[in-house]
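Residue strings, one per chain:
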Amino acid sequence: MHTGWVVLVHNNVIEAAGSMTFKLPSNTRIIELKGCTVLPGLIEGHSHLFLHPYNEVSWNDQVLRESRAERTARAVVHADSTLLAGFTTVRDLGTEGAMYDDVGLKTAIEKGVVPGPRMIVATRAIVAKGAYGPKYDNPDLDLPQGAAEVGNVNELEDEVRTQISKGADVVKIYADYRVGRNGQAAPTFTADELKAAVAIAKSMGRIVAIHSSTAEGMRRGIEAGVTTIEHGDGGTEEIFRMMKERGIALCPTLAAGDAVSQYKGWRKGIDPEPNSVSNKRKSFAAALKSGVTICMGGDVGVYSHGDNAREMEMMVDYGMKPIEVLKSATSVNADVFGYGDQIGRIKKALLADIIAVNGDPSTTIKDIRKVVFVMKDGKIYRQ
Ligand SMILES: [Zn+2]
C-alpha cells in the first residue's frame, strides 16, 4: 500500500503510476480521490452471470422454465451490477444450459452495447453423461441439461475442441458430481480422461478449471495438470500441498455453500453452523496452512450479482488476511487465469481497470463495498 500515489491514464492504458514525479500532459483531467483506496479493478474468479439466486427460483427451474431470452435479459442486468460493484473482470464458469450466450454477452459488452465487466468465458462447461442436472426421479425422462454431456474420452476431446471453437477462453469440467449411490459426490472422469482434455486445452492456449468437491476428484485433477480446482470442499492438507507443488490454484467458493445452507433454512448467526459450513471452515484453514495459491471466486449467481464482496468478507472471516484477499481478487486471479500482462495491477502498460473505495480494505475488508469510482478500459462507469 502506498500513500499519495498518482495514476496517469491515456486512452485505455495506464501510462504511469507512482508518487508525483512525472509530468502531466497539459490537457490532463484530474480526478482527486482523497481518503480513498485506489485498487486495480477487482476480478471475480467464479461467476455465473446466467444464474440468479436459488432462493428466488431453483436451479432446476432456471434451467428448464426460463427462456434463453429471459436468461440473457437477466445476465445483462447482472453484468451491470457486477461492474458497478468494482468487479471489472469476471471468469464466468458456465452458462448452465444457456449454450454459448456468454460469448454473445461478452461481445455485446466489448462493443459497448451494454455495460459490464471483461468476461473470461467457459461457454457450456462439460459433464460426464448422466451425471448432472436437471434430474428428477423418473429415469424415463431425458431433460435438457445444464452443461454439455460426454460419454467417453473421444466425446470429451471433441467437446473441448467445440467449446473452444465457439469462444471458450477457459475449459470447465465437472470432475465429480452427486452420482454416488446415496447421492453423495463421486468422481465422474478418470485421471486419464482429464489428462486428455487438459492436453487439448493447453495446446490451444486455454487453462482447465475443474469443479471438484471430493479428495479423489481433486487428486485426479492434480494428476491431469488442471490449472484451478473449484470448491475443493473435500480437500485435505495433503491434497492442498500437492496442489501447491504442482502450481495448481484453489478457488474455494465459500459464499456459495454458505448461501445454499441459508436457503435450506439455516439462520446464520442464530443457529449453530451446519456440518457442511464448519467442514468448509476446516478445509479452508488447511488450504491456508499448506500455502496453496488461493483465487477469489464465490460462485456468484448462487447469490446476488453485485454482492461479489461477500466471498472476500468470508475469506477474512475464515482466517485469511485482508491484504491477501485483495491480492487474490486482483494480481493472483490475473496471473492464475493467464491475464497478468493485461489486468490485475496498477502498473505501466496494463489496461486502465481502476477502482476506488472509501476507507482502507487492506485493514477493514468491508470497505471494499464502499465503491466510489469505477474505470474499465479507461472509461469511467461510476464516480
Ligand atoms: Zn459454479
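Conventions adopted
- Residues numbered from 1 in each chain as written.
- Predicted model: local features only at pLDDT ≥ 70, side-chain atom pairs only at ≥ 80, totals over all residues.
- Heavy atoms only, no water.
- Salt bridge = Lys/Arg side-chain N within 4 Å of Asp/Glu carboxyl O.
- Helix = DSSP H or I, 4+ residues; strand = E, 2+ residues; numbered from the N terminus.
- Buried < 20%, exposed > 50% of the residue type's maximum accessible area, 1.4 Å probe, protein only.
- Pairing = 2+ DSSP bridges.
- Right-handed = clockwise from strand over helix to strand, strands pointing away.
- Axes fitted to C-alpha atoms, helices over the stretch in contact; angles between N-to-C directions.
- Donors = N, O, S within 2.8 Å, 3.2 Å for Na, K, Ca; no water.

(A) How the structure looks around the pattern of salt bridges. For the coordinates displayed, the defined rule picks out 26 salt bridges. We note a salt bridge from R91 to E230, for which the minimum N-O separation is 2.8 Å. Here R91 is found in strand 5 (residues 87-92), whereas its partner E230 is found in strand 13 (residues 228-231), with 139 residues between them in sequence. Residues R91 and E230 agree in their burial class; the two are buried. For the salt bridge of E237 with K289, the shortest nitrogen-to-oxygen distance reads 3.6 Å. Of the two residues, E237 is situated in helix 7 (residues 237-246) and K289 in helix 9 (residues 275-290); the sequence distance between them amounts to 52 residues.

(B) Layout of the pairing of strand 12 (residues 207-212). Here strand 12 lies mainly inside the structure; six of its six residues are buried. Burial along strand 12 is two-sided: I207, A209 and H211 and V208, I210 and S212, pointing in opposite directions, are all buried. Where strand 9 (residues 170-174) meets strand 12, five bridges bridge the pair, whose relative direction is parallel. When the sheet's bridge partners are listed, I173 is paired in strand 12 with I210. Bridge count for strand 12 against strand 13 is four bridges, and the pairing is parallel. In the sheet register, A209 faces strand 13, and the bridge partner there is T228. Crossover strand 12 to strand 13 through helix 6 (residues 215-224) is right-handed.

(C) Expanded view of unusual backbone geometry. Looking along the chain, the bond that leaves G133 and enters P134 is cis, with omega of -5°. When you line up the elements, P134 lands in the loop between strand 7 (126-128) and strand 8 (148-150). For D299, which is not glycine, the phi dihedral falls at a positive 65°. Residue position: D299 is located in the loop between helix 9 and helix 10 (309-317).

(D) Region of interest: the sheet that holds strand 15 (residues 354-358). Overall, antiparallel pairing links the four strands, which are arranged 3-15-16-17 in an open sheet. Both outer strands of the open sheet, strand 3 (36-40) and strand 17 (379-382), are each paired with one neighbouring strand and no more. Pairwise comparison of adjacent strand axes, ignoring direction, gives a mean angle of 20° for this sheet. When strand 3 meets strand 15, the two strands line up antiparallel, connected through five bridges. By the bridge assignment, V38 is partnered in strand 15 with A356.

(E) Here's a closer look at the coordination of the zinc ion. Protein-derived coordination of the zinc ion comes from H46 (NE2), H48 (NE2) and D299 (OD), at a distance range of 2.0 to 2.3 Å. Look at where the donors of the zinc ion fall in the sequence and you get H-x1-H-x250-D. There is no split in this pair, since H46 and H48 are both buried.

(F) Fine view of the pairing of strand 4 (residues 42-47). Taken across its six residues, strand 4 has six buried, putting it largely inside the fold. Here strand 4 pairs with strand 5 via four bridges, running parallel. Bridging across to strand 5, I43 finds its partner in T89.

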